[in-house]
Structure formats: C-alpha cells, structure tokens
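Analysis of the macromolecular model
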Amino acid sequence: MVSILGVLLAWLGHNVLDNMRERGIRAGFDFLFDPAGFEIGEGILSYDAAQPLWRAFAMGILNTLRVAIPSIVIATLLGSLIGLGRLSTTPSLRKLCGFCVESLRNIPLLLQLLMWYFALTSLLPDASDAISPLPGVLISKGGLFLPAWSCVGGGCSWNLPHLEGFGIEGGWSLSPEYLAVLTALSLYSAVFIAEIVRGGIQSVSAGQIAAAQALGMRPLQILRHITIPLALRAIVPALTNQFLNLSKNSSLAVAVGYPELVSIANTSINQSGRAFECIVIVMAVYLTLSLITALLMNLYNARVALRGAK
Amino acid sequence: MSALKHLRTWFWLILAALILWPALNWGVVHAVWTPDLEACRAARGTGACWGVIAEKHRLLLFGRYPFNEQWRPLLASLLILSALSPIAFQKLRTRRFMACGLIGVLLAASLMTGGFAGLSPVPTKLWGGLPLTLLVSLGGTLLAFPLAILLALGRRSTLPLLRSVCTTYIELIRGVPLISLLFMAAFLFPLMLPTQFRLDILPRVIFTIALFAAAYLAEVIRGGLQAVPKGQLVAAQAIGMRHWQAITYIVLPQALRAALPAMVNSFVGIFKDSSLISIVSLHELTGALSLALGGDAEWRSFYLEGYIFIAAVYWLFCFTLSAASRRLENHLNHK
C-alpha cells in the first residue's frame, strides 16, 4: 500500500515538473527577496511596496496573531459567561444563552464574517457623523477610534481622535476589516467554548459538591476549590481544540480583505505566480502555530490534570 | 431570596422585550413582502424588505443555472435531501434505502450536468446556490468515507510505516486551514495532472473537500473503533475468520454504528465549511448572494435581508441535522 502511495507521489511530482517546464514557471524561494510590489492596508510594522516579499509575509503572520490572540481571550471570557448562563437557575437567562448558542453555531463562520463586515461598513454612519458612545471613542464606517497614550519628545499625553475634514485623525484606530474578523471569530468560537464549559461543569459529580457542603464550605469556596479545578480537567483538552480551530479560522479574513497571512499569500500568488511556494509557507506557518498552541495548552493541562493520572 | 429571583426574571424579560420588540417591528410589522422596489425604499430603516428575496430567490437558490432548466437543480436538491433523510428517520436506515440514496446523489449530479435524454448540457461554471452546497458537502463526505476508513484502520495498524503515514496525513490535514487546501485545488492541482489533461474547478474542489473531510472522519471512526471491545475481534478470529474478515464483518459495522452521531456532526461541519468554496469563486449559497445582489444597483441596498435569508437556510439545515444526530445518540445509548 505504501509503495502504491510512493508511485502515486512520484507520478504527481513528475507531472508538476513537466507542467512547470511547459509554462516556464521557476521554482524556489528566491522570490521572497524580490520587492513585493503591493501595499498592505494595516499592520504593526512599517511597510511599503518596495520592501522584499518576505517582509510582507512577516506582516501577514503578525496580522494573523494580532487578530487571533485577542479573539482567543474574548472568546474564552464570553464563552465561559454563556456556558455558565446556560446552567443558571433563571430560566429566561438559560433560554437566552441557549438561543445564542443554537443560532450562532449553525451558521457558517464565513457568512457571519461577511454579515459583520457588511454591518460595520454599510449600516454605521459616515466618519463625519461618527457615533461617540464615550468621550474620545468614535465609531463610524471608517472603523473604531480609541484614545491612544502617546509619547512625543519628552511629554506623554492622551491623543484623542477627532474629526478633520471628512475623516478622523489621531487616536488609536481599528479598521472595520479587523473589527469584523475579531467579532465574528470571537462570537463563533465563544458559543463552542460555552458548550465545552457547560459540559465540563456538568461533568463534576453532584457527590463532590454535596461532600463539600457537608464539610461546611460556602458556595464561593465550593466553586473555587471544588467545581472549577474538577471542571478544568474536562475543559482544557477540548478548549485546546477550539483554540486551534480559531487560529485556523482566522484565515477566513481573506474574504473581507484583512491583510493576514492567507490574504498576503493570495496576493503574492497572483503577483509572482509562485503558488506552490506560497501555499507551502502558509501551511508551514499554520502547522507551527498549531504546534505552539498545542504545546502551551498541554503544559497548562499538565498543571490542571489529576496528579498521577495519564 | 424569592423576591430577588422575581426581580431577576423581570430584568431578563424586560431586556428580551427591549431587543425582541424592535426586531419584530422591523422584521414583521413594518416589513415589505412583495418585490416592490418603491415600497421597499420607503420602508428603509423602519421595516425589512423581504421583497428582495421574492425578487431574487431563483438566483439565490440556483445561481446562474439556465432559468428554464431550473427544475433540474430543484429535483437534484430534493434527491440529495432524500438521500440524507435516513439520518433523521430511523425506519429509513436500511441498506437498500442507503444504496438508493447513493444512486440518488449520482443521479442528482448527472441531472445537473445534462447531455443525455434530451437534457441540454450545462457547464459546471453555471452551477450555483443550494444544489451546489449540497453536492459539494455530501459528495465530498461520501468520497471521503472509504479513505477515512482506511486511514482510521491504518492509524491503529501494527505496521509502523503504515501507521506513521496515516498519522502524518491526518495531523497534517487537521493542522492547516481548509482555505489553504482550496488554494491548492485552485492553483496546484492543475499542475499535478498530465500536461494535456484539464480538470474543471468543481471536481477539483470536491476532491479537495473529500481529502480534508477524510482526516476528520478518520478520527471519528477511530473513536468508534476504540469503542468496540477487544473480545469481538478475538472471538471472530477464534471461529476461524481471517483478520480482514473479522474487521469487515465484525469490528467495522459496530464501530461505524457507534461513530454515527459524531459522523453526522462532522458532516454538519463540512456543510458549513463548504461556504469557503465561494472564495475560489464557486457560487454556492454564500457566493450566490453577491451574484444576486452585487451587480444590481437597485436591489443592492437590501443586502442585509439577503444575508438573513441565506443564514436562515444554513441554520435550518444545520439545526435539523444536529438535532437528528442528538436523537441518534440517545437512541444508540438506550439500545
């Protein structure tokens, strides 16, 4: 069976070489040092089109992390709240949380992402009529603007966003693309995490709680010393899977033009024609990210797992 | 304590009313139900324009498939849906019906393609909407199935080389996003075939979805295999069955039955993931929306209603399938 596989792979490789010769495609990763030739809308590093392509890929990876890490934090907090809400003694809260879970997890993430992007770019007012829910915070079609703590020269001060002409200047800006990806990813993952949290807490046997009560522990003490440590054992491995899914799902950002890794790779394929190399880079980066996430979560899992249990 | 509880209940009821009332007002009370552009424009901001669905439902559901031939994708969708019905109805879970379902899926695909019995051939680039979503997700899953079984058995094999090949494949595919595999289908697969041979994007994408689904299904089936007690295999060998006979006739049927609810959940995942093929420009349900509204200057302003409609279609499918899977699980647990 393995030898059949080997023959198949050899045949595919042979075809690739044939095709590449016929179409005059060159192979290799040298193109990473050519000028990228395209602009990137946002990012942490400074960047312009004349810089080499590898720097564009680095921007893409940083942009992926810039959206994936905050999403993981928000999804975990929100998911825990919804999960607890589904176990509440108040029926209306329980139903509300159940409704959130059932409605969000049965709609594809891509569609939710497109909906958020549409809502943020079409339903919000123009920059000139931006909504200001709090002083120094502006929301409009142009994105979210927050006050920024900036240090110029010697003195540090709050840099408040303000309207200038038809646009908003100053402050710390988050693009609608970024916000759409962040919201969609956080909400979609939160409902899956909510189910994990609920399952984890329900898996704590009633006897444990009763025993704690018999010892005279107060409800908060029971939660802190009995329920949470026991539930975490069931929650953490499943949570790891959700974090892995979330970081892979951040690749959907390509659909709304947020310049993360896949989006940069897509542009590079169209510009340089090096499809194979670009896809290899994307896969390698995601595999590395998955590996690091799994490693960190396994370390954490070792801390919460039952001592001596395998 | 009881007063506090009442207070909490009222708090939630009032909050729900604050959210529900405007939604009801917008979606039902002030909504426009007829494809009347003037009325829709007048109601803008106060009421929904469901007229856009009435106007565009053919494009949304069937994409650019030739208008007069759209009974074909409709019939194809119904065929695929009936092939899925054994998941929900226990009485239909017979071998004969499932074989019919498999033929139904093939029939649906050939009905869409045409070119026989007086049906005009329709190129796949005109396919779209619901039948495409169904065909890609179910076709992909069915194609994935045999590979998934082999991978699951391979991962539990005692041959180290086979085991590591299967494990590497499963972990590799599960570690990368589907979109990177779809880019492979779009850009790389044409390079992997002999130079004179050209394959359409749709079969390439279905094949890719199958390769992707196989890795996830394999893990689910492996779970099922682990649930079969070891004594079953030993007993089968004791009555003189060969190893592969014992696996095929004794272990696999029990493993697949145990894994059935999880397999349905996997299918729901694939169904939702099939929306990604709109990124490689196939106009299934998600992609059909931009097809229907993106180019139309007049109806374009009612995108929100379009999104809600498509979301409702997805929701209905996924919710029904998940509920069926939960019922299946209860049924298996109580047997």
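Since the model is a prediction, treat every value here as computed from it, not as a measurement.

**Comments concerning the interface of chain A and chain B**
Contact residues are listed per partner, giving 48 residues for chain A and 46 residues for chain B. At the boundary of chain A and chain B, one finds one salt bridge. Of the charged contacts in the structure, one is a salt bridge between Arg326(B) and Glu102(A), with a shortest N-O distance of 3.9 Å. Summed over the shared surface of chain A and chain B, the number is six residue pairs in polar contact (both at pLDDT 80 or more). Among the secondary structure elements, those contributing two or more residues to the side of chain A that touches chain B are helix H1 (2-23), helix H3 (91-105), helix H4 (109-123), helix H5 (176-202), helix H8 (261-272) and helix H9 (275-304) of chain A.

**Things to note about the packing of aromatic side chains**
All names here are of chain B. With the rule as written, the count across this model stands at 15 aromatic pairs over all chains. Between Tyr303 and Tyr307, the aromatic rings sit 5.5 Å apart at their centres with planes inclined by 40°, giving tilted as the arrangement. Here the residue Tyr303 and the residue Tyr307 both occupy positions in helix H13 (residues 303-333), the gap between them amounting to four residues, near one helical turn. Comparing Tyr303 with Tyr307 shows no difference in burial state: the two are buried. Three or more aromatic residues link up through ring pairs in this structure, and these residues are Phe267, Phe271, Tyr314 and Phe317. In this structure, Arg58 packs its charged tip against the face of Phe67, placed 4.0 Å from the ring centre. Arg174 extends its terminal NZ or CZ atom over the ring of Tyr216, reaching a point 5.8 Å from the ring centre.

**A few points about the pairing of strand E4 (residues 155-159) of chain A**
Residue and element names in this part refer to chain A. Pairing geometry for strand E3 (residues 148-152) and E4, over five bridges, is antiparallel. The residue bridging Trp149 from the neighbouring strand is Trp158, located in E4. If you look at the hairpin formed by E3 and E4, you'll find two residues sitting between the two strands, and Gly153 has a positive phi there, around 65°.

**Here's the deal with the domain arrangement of chain A**
Assigned domains of chain A: these are domain 1 (34-110 + 184-272 + 300-309) and domain 2 (122-176). Taken over C-alpha atoms, the centre of domain 1 of chain A sits 28 Å from the centre of domain 2 of chain A.

**Section: the environment of Ala215(B)**
Residue and element names in this part refer to chain B. Looking at where Ala215 falls in the secondary structure, it is placed in helix H9 (residues 201-227). Distance from Ala215 to Ile149, taken between C-alpha atoms, is 9.8 Å for residues 66 residues apart in sequence. In contact with Ala215, not counting residues within four places along its chain, are Tyr169, Ile170, Ile173 and Arg174.

Parameters at a glance
Residues numbered from 1 in each chain as written. Chains lettered and ligands numbered in written order. Predicted model: local features only at pLDDT ≥ 70, side-chain atom pairs only at ≥ 80, totals over all residues. Heavy atoms only, no water. Contact = heavy atoms within 4.5 Å. Salt bridge = Lys/Arg side-chain N within 4 Å of Asp/Glu carboxyl O. Polar contact = N/O pair within 3.5 Å; in protein donor to acceptor, adjacent residues only side chain to side chain. Helix = DSSP H or I, 4+ residues; strand = E, 2+ residues; numbered from the N terminus. Phe/Tyr/Trp six-rings, centres within 6.5 Å; stacked < 30°, edge-to-face > 60°. Buried < 20%, exposed > 50% of the residue type's maximum accessible area, 1.4 Å probe, protein only. Lys NZ or Arg CZ within 6 Å of the ring centre and 35° of its normal. Pairing = 2+ DSSP bridges. Domains from an automatic or database assignment.

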